[in-house]
Amino acid sequence: MSQIGKQIVDFKVEAYANDDFKTVSKEDVLGKWSVFFFYPADFTFVCPTELEDLANNYDEFKATGAEIYSVSTDTHFVHKAWHDTSDTIKKIKYPMLADPTGVLSRGFEVMIEEVGLAERGTFIVNPKGEIVSYEVVAGNVGRNADELLRKLKALQFVDEHPAEVCPAKWKEGNETLKPNIDLVGKI
C-alpha cells in the first residue's frame, strides 16, 4: 500500500544534535519540510558513507527550509559515542534521532522485525506532516544526497505551483510542464 499522502505517526524521541541531547516530536516537524533518513545501525559500513553525504550537503538542504533527521534504532547515547569516535560522523550537524522502541521505524513501515533494525528508507514530509516521497533501498546499497535534494526541490516547487509538474531529471530553474489537453500525445 502506498504511503504517499499518509500523515506521519505521532512521536516523541530523543536525539543527539549539536553536541547535546534534545527531544524531537511530531510538533517540531510540522510547519516545515523534513527528510527522515532511516538507516540500520551506528558503527556500520554503508551507513556512515550516506550520513557523510548528507552532512556534506546539509547547508543546501537547510537553504530549502528543510530539516534532515537521520534515524536508527540505536539510542541517543550510541549516536553521541559514534559522533565522538568517528571523523566521518563528526561532520553531522543535523539531528540524529534515537528510535530504540521502533515508534518511528514502525510508523514509517521500515522496521525489520526479526532483527530490530530499520531498512534504508528515505521519506520527504511536507509541512502538513504528509509523506510526499519515499524510497526503500536494499541494505547493501547506499543512497545519494544530490538526488534526494533534487527530489525535495521538485516537490517544493510543485507544492508552490500546483498547476505545474516536473518532468524527469528536472532541476531547479529548468522548465516545467503545465498539463492540459493540448500536451496529450505531444511529449
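The rules behind each value
Residues numbered from 1 in each chain as written. Predicted model: local features only at pLDDT ≥ 70, side-chain atom pairs only at ≥ 80, totals over all residues. Heavy atoms only, no water. Helix = DSSP H or I, 4+ residues; strand = E, 2+ residues; numbered from the N terminus. Rg over C-alpha atoms; globule rule 2.2 N^0.38 Å. Buried < 20%, exposed > 50% of the residue type's maximum accessible area, 1.4 Å probe, protein only. Contact = heavy atoms within 4.5 Å. Areas by Shrake-Rupley, 256 points an atom, 1.4 Å probe, with all protein chains shown as cover. Lys, Arg positive; Asp, Glu negative; His and termini not counted. Charge placed at Lys NZ, Arg CZ, Asp CG, Glu CD. Expected span 1.5 Å × (residues − 1). Polar contact = N/O pair within 3.5 Å; in protein donor to acceptor, adjacent residues only side chain to side chain. Phe/Tyr/Trp six-rings, centres within 6.5 Å; stacked < 30°, edge-to-face > 60°. Lys NZ or Arg CZ within 6 Å of the ring centre and 35° of its normal.

## Here we look at the overall build of the protein chain
The secondary structure content of the protein chain amounts to six helices and nine strands. For the protein chain, whose C-alpha radius of gyration is 17 Å, the value lies close to the compact-globule estimate of 16 Å for 187 residues. With the C-alpha coordinates aligned to their principal axes, the bounding extent of the protein chain is approximately 60 × 30 × 30 Å. Counting over 187 residues, the protein chain shows a buried share of 44%. Of all intrachain contacts in the protein chain linking residues separated by at least 6 positions in sequence, the fraction that spans at least 24 positions is 65%. With the model as given, the accessible surface of the protein chain reaches about 9,800 Å², and the carbon-plus-sulfur share is 53%. The protein chain carries 21 positive and 31 negative side-chain charges, and their two centres are separated by 3 Å.

## Focus: helix α6 (residues 145-160)
When the terminal C-alpha atoms of α6 are compared, their 22 Å separation across 16 residues agrees well with the 22 Å that a helix rising 1.5 Å per residue should span. Looking only at α6, the buried set comprises Ala145, Leu148, Leu149, Leu152, Ala154, Leu155 and Gln156. Where α6 begins, the capping side chain belongs to Asn144, and its oxygen is found 2.7 Å from the backbone nitrogen of Asp146.

## Thoughts on the side chain of Arg143
Topologically, Arg143 is positioned in the loop between β9 (131-137) and α6. From its side chain, Arg143 meets the backbone oxygen of Phe38 in a polar contact 2.8 Å long. Here the side chain of Arg143 touches Thr122 through a polar contact of 2.8 Å, side chain to side chain. For Arg143, the contacting residues outside a window of four places in its chain are Phe37, Phe38, Tyr39, Glu50, Asp53, Arg120, Gly121, Thr122 and Val137.

## Here we look at the packing of aromatic side chains
Across all of its chains, the model carries 13 aromatic pairs by this definition. Pairing Tyr16 with Phe21 gives two aromatic rings, centres 5.9 Å apart and planes at 65°, and the pair type is edge-to-face. With relative accessibility at 2%, the residue Tyr16 sits in the buried group. Joined through ring pairs, the aromatic side chains of Phe11, Phe36, Phe38, Tyr69, Phe108, Phe123 and Tyr134 make up one cluster. In this structure, Arg143 is placed above the aromatic ring of Phe37, and the distance from its NZ or CZ to the ring centre is 3.6 Å.

Limitation: the analysis is restricted to geometry and does not speak to function.
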